[in-house]
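# Commentary on secondary and tertiary structure
Okay, here's what each chain looks like letter by letter:
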Amino acid sequence: MICLSTQLRSDSPSTTRALVAYRFGAEGAGPKAYLQAGLHADEMPGVLVLQHLMPLLQAAEAAGQMMGEVLVVPLANPIGLSQWAFQRPMGRQETTSLHNFNRGFPELADLVADKVEPLLGPSAAANVAVIRAAFREALAQLRAAALTEMLEMQAALLQWSCDADYVLDLHCDHEAVMHLYASPARPEDTAKLCRAVGAELALIQDISGGNAFDEAHTVPWLVLQRRFGDRFPIPAAAFSTTLEYRGQFDVDDATAAQDARNLMTFLASVGFLRDWPEAPDHADARHLPLGGSSEVFAPQGGVVTWVAKPGQVVVAGEVLAHVTDAASRVRLPVLAATDGVMFRRELWRSCLRGQGLAHIAGENVLHDGELLSD
Ligand SMILES: [Zn+2]
């Protein structure tokens, strides 16, 4: 194992932050996996999972079980981690700009397409190498030119991850079942990951809008395929996903230790570890289109009392919760708009009128375009 560190240029004098990564296995010795947690810096379940994963990787390395390279970034967002306001962590958006830390990653295909075109040829493997080299070059330039620490941090994370075969970005929701977001490009890997980590739901979309970290790795290959695929073979070279490790308060060592073992099982199942004793054996997840998810909204401001739990299968018109206006004493139901699984709900027990309270994942596509929340 080696520890890597890279300094970020600060926006204010006399302060500096660094990103830290741990590399297990040998660089270039086989496939590369990249795992990070805490990009939304108020989400601790995934951060704890990686703390439990690293000793397992270290032991596997010592036992000669590693067949590739695994790069772990245990805290992907030192800027967000330092942001507290109103005595609460504010790690989702950058406080100066309100920019969501997991949106607006660089569009790598746009940066490299013209440069790689004359270098592409009949070998898919050679094309992957050419494109990844171009990603690295573009990101070095982008990082050098970044105008803010946050933009530099986004480029620096991508510098570590852009040439990985597997990219796992660990997040959590407010109150939720284990679920993940993935592109439709590599369904076998998605199914294997769900069965390894015990995800109940996979939300599938090729382009969700907003260019979150996971899609910063999958969309470029799709875009380059669309542009050059009739002339040159370009595979979906990166499997990338956002893993939602349940809810904000689902942070405990026993759960995280099992989650870390499950990640080892996934890594073993896709060729990073030999002689790992377990195979993915959780039940198959529901694989549903992200555009089939619908949000339910508060009919008035007040106190939220839940009837439905995360993971519950619901039908349109079913009462999910009530909202009570304590002044008027009016109690209104919150109804499911569609059939599906209520996979997440808000943490807060007070709400304003019109506020989003929960999401239901259904089978029928209802929306397109910008599908991610702010
Ligand atoms: Zn998140």
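Above this note sits the structure.
Residues numbered from 1 in each chain as written. Predicted model: local features only at pLDDT ≥ 70, side-chain atom pairs only at ≥ 80, totals over all residues. Heavy atoms only, no water.

Looking now at the sheet that holds strand E17 (residues 330-335). Strand order in the open sheet formed by four strands is E17-E16-E14-E19, and the pairing between neighbours is antiparallel. Edge positions in the sheet fall to E17 and strand E19 (350-351), since each of these pairs with one other strand and no more. (Pairing = 2+ DSSP bridges. Helix = DSSP H or I, 4+ residues; strand = E, 2+ residues; numbered from the N terminus.)

Surrounding the zinc ion are the protein donor atoms His40 (ND1), Glu43 (OE), Glu43 (OE) and His171 (ND1), which sit 2.0 to 2.5 Å from the metal. When the donors of the zinc ion are listed by position in the chain, the intervening gaps give H-x2-E-x127-H. In this pair, His40 sits in the loop between strand E3 (32-37) and helix H1 (45-62) while His171 sits in strand E7 (residues 166-173), placing the two residues 131 residues apart along the sequence. (Donors = N, O, S within 2.8 Å, 3.2 Å for Na, K, Ca; no water.)

Moving on, we come to the sheet that holds strand E2 (residues 17-25). As summarised here, the arrangement of the nine strands in space is E1-E2-E4-E3-E7-E11-E9-E10-E12, forming an open sheet in which the pairing is mixed. This sheet does not close on itself; its edge strands, each paired only once, are strand E1 (2-8) and strand E12 (286-289). Across the sheet, the mean angle from the axis of one strand to that of its neighbour is 20°, orientation sign disregarded. As defined by bridge partners, E2 adjoins strand E4 (residues 69-73) across four bridges and the pair is classed as antiparallel. By the bridge assignment, Tyr22 is partnered in E4 with Val72. (Axes fitted to C-alpha atoms, helices over the stretch in contact; angles between N-to-C directions.)

The tally for this structure, following the rule as stated, stands at 21 salt bridges. For the salt bridge of Asp189 with Arg186, the shortest nitrogen-to-oxygen distance reads 2.9 Å. Taken as a pair, Asp189 and Arg186 share a single burial class, namely buried. Salt bridges sharing partners connect three or more residues here, namely Asp114, Glu117, Arg227 and Arg231. (Salt bridge = Lys/Arg side-chain N within 4 Å of Asp/Glu carboxyl O. Buried < 20%, exposed > 50% of the residue type's maximum accessible area, 1.4 Å probe, protein only.)

Once that is clear, we can look at the packing of aromatic side chains. With the rule as written, the count across this model stands at seven aromatic pairs. Arranged with centres 5.9 Å apart and planes meeting at 40°, the rings of Tyr34 and Phe213 form a pair that is tilted. One end of the pair, Tyr34, is in strand E3; the other, Phe213, is in the loop between strand E10 (201-204) and helix H7 (215-228), with 179 residues separating them in the sequence. Residue Tyr34 shares its accessibility class with Phe213, and that shared class is buried. (Phe/Tyr/Trp six-rings, centres within 6.5 Å; stacked < 30°, edge-to-face > 60°.)

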